[in-house]
Amino acid sequence: KQEVTQIPAALSVPEGENLVLNCSFTDSAIYNLQWFRQDPGKGLTSLLLIQSSQREQTSGRLNASLDKSSGRSTLYIAASQPGDSATYLCAVEAGARGFQKLVFGTGTRLLVSP
Amino acid sequence: DAGITQSPRHKVTETGTPVTLRCHQTENHRYMYWYRQDPGHGLRLIHYSYGVKDTDKGEVSDGYSVSRSKTEDFLLTLESATSSQTSVYFCAISEVYNQPQHFGDGTRLSIL
């Protein structure tokens with residue numbers, strides 16, 4: 001059974017710092033890995049999707065990498081801002097191909113202080 | 001933002017009563033999903049749909065049923081609600097399997 005772990009569970013940093021969030025998964029047979037952001041009381045917002053054949057994806061100040069063989073992904077946030085404060089979740093697509101059944105980690109709660 | 005509306009947004013009900021949650025999309029996406037989010041468990045897939053009248057079970061489907069009679073609507077029913085089903089329920093949609101899922105704002109359900 002696929003399991004996804006995110007470390008740390010919570011992170012507090014001062015504004016301007018570069019930071020890395022970690023995601024690990026137990027079964028390397030994934031089709032893609034997705035990073036989401038969740039603000040309090042809201043749904044999830046997709047940040048990046050990395051196909052299994054890719055090593056990384058970039059969007060603005062965000063860069064996500066994927067190492068399938070070791071079962072790891074990292075989300076790098078450059079020059080963090082208070083508006084980046086949220087919970088970040090990673091999810092892997094597992095199971096039968098074509099239905100995008102996602103398995104989620106429990107998230108990292110990020111607080112960026114001014 | 002993707003056009004996804006969940007209703008109701010909040011509901012309090014009693015054990016043993018039936019409850020139906022609705023997810024409505026305006027994007028004409030093929031795939032729709034129901035998740036529940038609980039502290040310490042993250043999001044877990046309840047049921048999903050890959051077309052009108054085409055549905056299947058997810059990881060935590062016991063006690064839940066779904067229906068999709070139109071592309072735009074995906075209903076989640078708790079046939080006899082239990083306190084363990086107190087949770088926040090999210091609907092998500094996806095156009096094709098290798099594109100990101102888009103989420104609604106959730107329904108907070110409390111069963112007393």
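Note: the structure precedes this text.
The rules behind the values
- Residues numbered from 1 in each chain as written.
- Chains lettered and ligands numbered in written order.
- Predicted model: local features only at pLDDT ≥ 70, side-chain atom pairs only at ≥ 80, totals over all residues.
- Heavy atoms only, no water.
- Helix = DSSP H or I, 4+ residues; strand = E, 2+ residues; numbered from the N terminus.
- Phe/Tyr/Trp six-rings, centres within 6.5 Å; stacked < 30°, edge-to-face > 60°.
- Disulfide = S-S within 2.5 Å.
- Buried < 20%, exposed > 50% of the residue type's maximum accessible area, 1.4 Å probe, protein only.
- Core = buried A, V, L, I, M, F, W, Y, C linked by side-chain atoms within 4.5 Å.
- Contact = heavy atoms within 4.5 Å.

Glancing now at unusual backbone geometry. Residues and elements named next belong to chain A. Here the bond from isoleucine 7 into proline 8 is cis, since omega is 0°, no more than 30 degrees from zero. Looking at the secondary structure, you find proline 8 in the loop between β1 (4-7) and β2 (10-14). One non-glycine residue, glutamine 100, lies in positive phi territory at about 50°. Along the chain, glutamine 100 turns up in the loop between β9 (86-94) and β10 (101-104).

With that settled, the discussion passes to the packing of aromatic side chains. Inspection of the entire model under this criterion finds 11 aromatic pairs over all chains. Connected via pairs of aromatic rings, a cluster forms that spans Phe36(A), Phe99(A), Phe104(A), Tyr33(B), Tyr35(B), Tyr48(B), Tyr50(B) and Phe103(B).

On to the state of the cysteines. The tally for this structure, following the rule as stated, stands at two disulfides over all chains. At a sulfur-sulfur separation of 2.0 Å, the disulfide partner of Cys23(A) is Cys90(A). As the torsion about the S-S bond is roughly 75°, the Cys23(A)-Cys90(A) disulfide counts as right-handed. Within this pair, whereas Cys23(A) is found in strand β3 (residues 19-25), its partner Cys90(A) is found in strand β9, the two being separated by 67 residues in sequence. Accessibility expressed as a relative area gives 0% for Cys90(A), which makes it buried. Note that Cys23(B) is cross-linked by a disulfide to Cys91(B), the S-S spacing being 1.9 Å. In this structure the cystine formed by Cys23(B) and Cys91(B) twists about its S-S bond by roughly -70°; its chirality is therefore left-handed. A residue pair is termed long-range when its members are at least 10 positions apart, and Cys23(B) in strand β3 (residues 19-25) and Cys91(B) in strand β9 (residues 87-94) qualify at 68 residues.

Core analysis: the largest hydrophobic core is formed by 22 residues, its most contacted members being Phe25(A), Leu33(A), Trp35(A), Leu75(A), Ile77(A), Tyr88(A) and Leu110(A). Contributing elements (two or more residues each) for this core: β3, β4 (32-38), β5 (44-51), β7 (62-67), β8 (72-77), β9 and β11 (108-113) of chain A. If we ignore the near neighbours within four places in the chain, the residues touching Leu75(A) are Leu19(A), Val20(A), Leu21(A), Trp35(A), Leu47(A), Leu48(A), Leu62(A), Asn63(A), Ala64(A) and Tyr88(A). Cys23(B), Trp34(B), Ile46(B) and Tyr89(B) belong to the second-largest nonpolar core, a separate cluster that totals 19 residues.

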